[in-house]
Amino acid sequence: GAGVSQSPSNKVTEKGKDVELRCDPISGHTALYWYRQRLGQGLEFLIYFQGNSAPDKSGLPSDRFSAERTGESVSTLTIQRTQQEDSAVYLCASSLPRWRGYEKLFFGSGTQLSVL
Amino acid sequence: AQKITQTQPGMFVQEKEAVTLDCTYDTSDQSYGLFWYKQPSSGEMIFLIYQGSYDEQNATEGRYSLNFQKARKSANLVISASQLGDSAMYFCAMSVNRDDKIIFGKGTRLHILP
């Protein structure tokens with residue numbers, strides 16, 4: 001596709017359930033980021049994938065959060081045993097490799113997660 | 001650890017005036033980059049401008065310029081001749097070449113008054 005695609009756009013779940021959020025980056029973009037944005041707040045870094053390197057998981061808030069990426073394509077962010085404080089917009093972004101110099105992030109439209 | 005600080009949660013500016021949005025950063029690395037993004041109420045993230053730590057001149061992109069003061073570790077965004085469509089959240093962000101990830105500040109909500 002032409003841009004970063006995220007699905008679902010909205011997800012309502014019950015506390016304690018697991019959820020999976022999907023991100024399809026722009027073709028050729030080896031870097032992929034996940035951010036969390038609570039209502040009216042800034043972007044909180046969660047995890048970063050760069051090609052075949054080990055991901056930077058330093059932003060994951062707890063072991064309930066995990067993410068995978070298959071090669072340089074789709075990524076899935078999984079939240080287990082969801083809590084109400086997990087309610088937020090989850091944004092995915094991708095970019096070309098940094099060896100080209102700086103590369104701006106291209107963002108998806110986000111997944112609005114609501115935990116009841 | 002790297003950190004981005006935006007101290008202005010909200011600003012109100014009269015249309016056609018210039019506005020400066022503050023951003024300070026903290027890093028011990030010498031090689032880094034600074035970004036500004038705009039997020040309108042629609043939620044999309046729009047890239048505005050980039051400044052590299054080794055760039056000698058301040059970056060400019062149309063009505064946007066970045067006032068880069070390396071010694072003070074500040075990277076303020078200046079919007080000239082503000083327009084109603086500039087009303088949005090603005091985020092400052094930083095990448096450090098050593099570890100590549102990009103971190104964001106908490107943002108400034110800008111309101112342009114007619």
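Since this is a predicted model, take the numbers as computed values, not measurements.

Can you explain the pairing of strand β10 (residues 88-96) of chain B? Please cite residues and give values.
Residues and elements named next belong to chain B. With 9 of its 9 residues buried, β10 lies for the most part within the structure. Note that strand β5 (residues 32-39) and β10 share 8 bridges and pair antiparallel. Paired with F35 across the bridge in β10 is A93. Sheet analysis places β10 next to strand β11 (residues 102-104), joined by 3 bridges and oriented antiparallel. Looking across to β11, one finds that A93 is bridged to F104.

Residues and numbers for the pattern of salt bridges, please.
Scanning all chains against the criterion turns up 6 salt bridges over all chains. Note that R64 of chain A and D86 of chain A form a salt bridge whose closest N and O atoms lie 2.8 Å from each other. You can see R64 of chain A sitting in the loop between β5 (44-50) and β6 (65-69) and its partner D86 of chain A sitting in the loop between β7 (75-79) and β8 (88-95), a full 22 residues away along the chain. Here R64 of chain A matches D86 of chain A in class, with each residue buried. The salt bridge partner of D26 of chain B is K73 of chain B, with a shortest N-O separation of 3.8 Å. Of this pair, D26 of chain B sits in strand β4 (residues 24-26) while K73 of chain B sits in the loop between β8 (64-69) and β9 (74-79), and the two are 47 residues apart along the sequence.

Can you lay out the interface of chain A and chain B for me, pointing to particular residues and giving the numbers?
Between chain A and chain B, the contact holds 18 residues from the first and 17 residues from the second. Carbon and sulfur atoms supply 59% of the area buried between chain A and chain B, which totals about 1600 Å² over both sides. Connecting chain A to chain B are 1 salt bridge. When the shortest N-O distance is used, the salt bridge between D56 of chain A and K101 of chain B registers 3.9 Å.

So, how was this worked out
- Residues numbered from 1 in each chain as written.
- Chains lettered and ligands numbered in written order.
- Predicted model: local features only at pLDDT ≥ 70, side-chain atom pairs only at ≥ 80, totals over all residues.
- Heavy atoms only, no water.
- Buried < 20%, exposed > 50% of the residue type's maximum accessible area, 1.4 Å probe, protein only.
- Helix = DSSP H or I, 4+ residues; strand = E, 2+ residues; numbered from the N terminus.
- Pairing = 2+ DSSP bridges.
- Salt bridge = Lys/Arg side-chain N within 4 Å of Asp/Glu carboxyl O.
- Contact = heavy atoms within 4.5 Å.
- Buried area = accessible area lost by both parts, 1.4 Å probe.

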